[in-house]
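Residues per chain are reported as follows:
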Amino acid sequence: MTEPAWSPEEFEARLRGLGSLYHIHHPYHVRMHEGTLSREQIQGWVANRYYYQISIPRKDAALLANCPDRDTRRRWLQRIVDHDGNADQEGGIEAWTRLGIACGLDRSTLESQRMVLPGVRFAVDAYVNFVRTAPWQDAVCSSLTELFAPTIHRQRLAGWPDRYPWIEADGLQYFRNRLTEAHRDVQHGLAVTLAHFRSRAEQQRALAIVRFKLEVLWCMCDAMWTAYIDGCPPFHGCTEPAP
C-alpha cells in the first residue's frame, strides 16, 4: 500500500529536521566555535572552503543549463552574481578571499588551490557533478542545506572577534552578507521543493538528496580533521617522487 504524502508542513519539518546532521556539529566546527583551533587549522579551513566557494557558481550555472523554467532561471541567476560579483558588487568569492587574507593567507596561495585537500576536492566535485547530471528540481533541493547556514554565520560573527582576535575584523564581511542572501535563497529553494516533491516517495527522495549534500559538507570536514587535527595529511609518510 502506498503511503500518503506528508502535508507541506510535515514535509518542511522533516527537511528542517536534517539540521541535526549539518556540519556545524562536526568536531572541527565544534572546536572552531569553542575557539580552540590554531591559526594553521583556521587557515586550512579557509583555504579548503575557498574551493567550495569558487565551485558554487559553476554548480549554479549547471543548474541553469538544465532548467527550462524562465522564472526559476531569472531568480537563480542572482546566486551566481552573489558569488562571482559584477560591476556593482564584489561577490562572495572576493569576500572569502579577503577572509583568507584577514587570516594571514595571501591571495596567490588561495587562488593556486595548492592547499586544497584531495578529500575536499573530491567531495565538492561530486556535488557539482550531481547538480550537472540531476533533474533541475533535484539540484534545487540539494541547496537546502542553506536552511541551517544562518546559525553558523551568526556564531562566527558573534564569537570570532573574541576567540580569534588575530583575524582582521573586516574579513568577516562574507558571513554578514550571507545572513541576508541565504535567507532569500532558501525561501525560493524551499518553495520549489515543496511544490515539486509531492508524493511520499518523492518527498523521501528529497530528504535523501539533502542528506547527500550534508554528507558532502561532512566529508569536507573529515578531510580537514585528518590533515590538520590528526596531523595526517595526504600521502603522509610517503616519499615524494623525483621530478
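Small disclaimer: the values here were computed from a predicted structure and weren't measured.

We now examine the UniProt feature "domain: Thiaminase-2/PQQC" (unreviewed entry) in the chain. If you check UniProt for "domain: Thiaminase-2/PQQC" (unreviewed entry), the listed places come out as residues 24-222 in our numbering. Helix makes up 77% of residues 24-222 and strand 0%, and the two end C-alpha atoms of the span are 13 Å apart.

Here we take up the pattern of salt bridges. Side-chain pairs of opposite charge can arise whenever the charged atoms involved come near each other. Summed over all chains, the structure comprises 15 salt bridges. Glutamate 90 is the salt-bridge partner of arginine 98, the closest N and O atoms lying 2.6 Å from each other. Relative accessible area serves as the criterion here: at 26%, arginine 98 is assigned to the partly exposed category. The closest approach of N and O atoms between arginine 211 and glutamate 215, which form a salt bridge, is 3.7 Å. Highlighted residues: arginine 211 and glutamate 215, both in helix α11 (residues 200-229), separated by four residues, approximately one helical turn. The network of salt bridges with shared partners includes Arg79, Asp82, Glu146, Arg178, Glu181, Arg184 and Asp185.

The next thing to look at is the nonpolar core. Formed by 71 residues in total, the largest nonpolar core has its most connected members in Ile42, Trp45, Trp160 and Met220. Sort the elements by how many residues they give to this core and α11 lands first, with 13 residues. Each residue touching methionine 220, except ones within four places of it in the same chain, is listed here: Arg49, Tyr52, Val120, Ala123 and Val124.

So, on to the environment of arginine 184. Topologically, arginine 184 is positioned in helix α10 (residues 173-196). On the accessibility criterion, arginine 184 (35% relative accessible area) is partly exposed. Along the backbone, arginine 184 and glutamate 146 are 38 residues apart, and their C-alpha atoms lie at a distance of 10.0 Å. Look past the residues within four positions of arginine 184 in its chain and what remains in contact with it is Gln78 and Asp82.

Turning our attention to the packing of helix α2 (residues 27-34) against helix α3 (residues 39-66). Any two packed helices are characterised by the angle at which their axes cross and by the distance between the axes. In the contact formed by α2 and α3, the axes pass within 12 Å of each other and the chain directions differ by 125 degrees. When the axes of α2 and α3 are compared, the pair comes out oblique. Pair α2 / α3 crosses with left-handed handedness. On α3, the residues that touch Tyr28, His29 and Met32 of α2 are Gln41, Ile42 and Trp45. Classifying every residue of the contact of α2 with α3 by side-chain character gives four nonpolar, two polar and no charged.

Looking at where aspartate 162 falls in the secondary structure, it is placed in helix α9 (residues 149-163). C-alpha of aspartate 162 to C-alpha of glycine 35: the two residues are 127 residues apart in sequence and 8.5 Å apart in space.

Taken as a whole, this structure holds one cavity of 30 Å³ or more when the rule is applied. The volume enclosed by the largest cavity comes to roughly 300 Å³. Lining the largest cavity are 23 residues, and of these Arg49, Tyr52, Ile56, Glu146 and Arg178 sit closest to its centre. Sorting the residues of the lining of the largest cavity by element identifies α3, α4 (70-84), α9, α10 and α11 as the ones contributing at least two each. The dominant element in the lining of the largest cavity, judged by the number of residues it contributes, is α3, at five residues. Tallied by class, the residues present in the lining of the largest cavity amount to nine nonpolar, five polar and nine charged.

With respect to the element layout, tryptophan 6 can be found in the segment before α1 (8-17). Residues within four places of tryptophan 6 in sequence aside, it is in contact with Phe11, Arg14, Arg200, Gln203, Gln204 and Leu207.

Calculation criteria
Residues numbered from 1 in each chain as written. Predicted model: local features only at pLDDT ≥ 70, side-chain atom pairs only at ≥ 80, totals over all residues. Heavy atoms only, no water. UniProt positions renumbered as here; feature names shortened; annotations may be inferred. Helix = DSSP H or I, 4+ residues; strand = E, 2+ residues; numbered from the N terminus. Salt bridge = Lys/Arg side-chain N within 4 Å of Asp/Glu carboxyl O. Buried < 20%, exposed > 50% of the residue type's maximum accessible area, 1.4 Å probe, protein only. Core = buried A, V, L, I, M, F, W, Y, C linked by side-chain atoms within 4.5 Å. Contact = heavy atoms within 4.5 Å. Axes fitted to C-alpha atoms, helices over the stretch in contact; angles between N-to-C directions. Parallel < 35°, antiparallel > 145°, perpendicular 65-115°, else oblique. Left-handed = near helix turned anticlockwise from the far one by under 90°. Nonpolar A, V, L, I, M, F, W, Y, C, P; charged D, E, K, R; others polar. 1 Å grid on protein atoms, 1.4 Å probe; cavity = no way out; pocket = protein on both sides within 12 Å on 5 of 7 lines; lining within 4 Å. Points joined across faces, edges and corners; volume = space filled by probe spheres on them.

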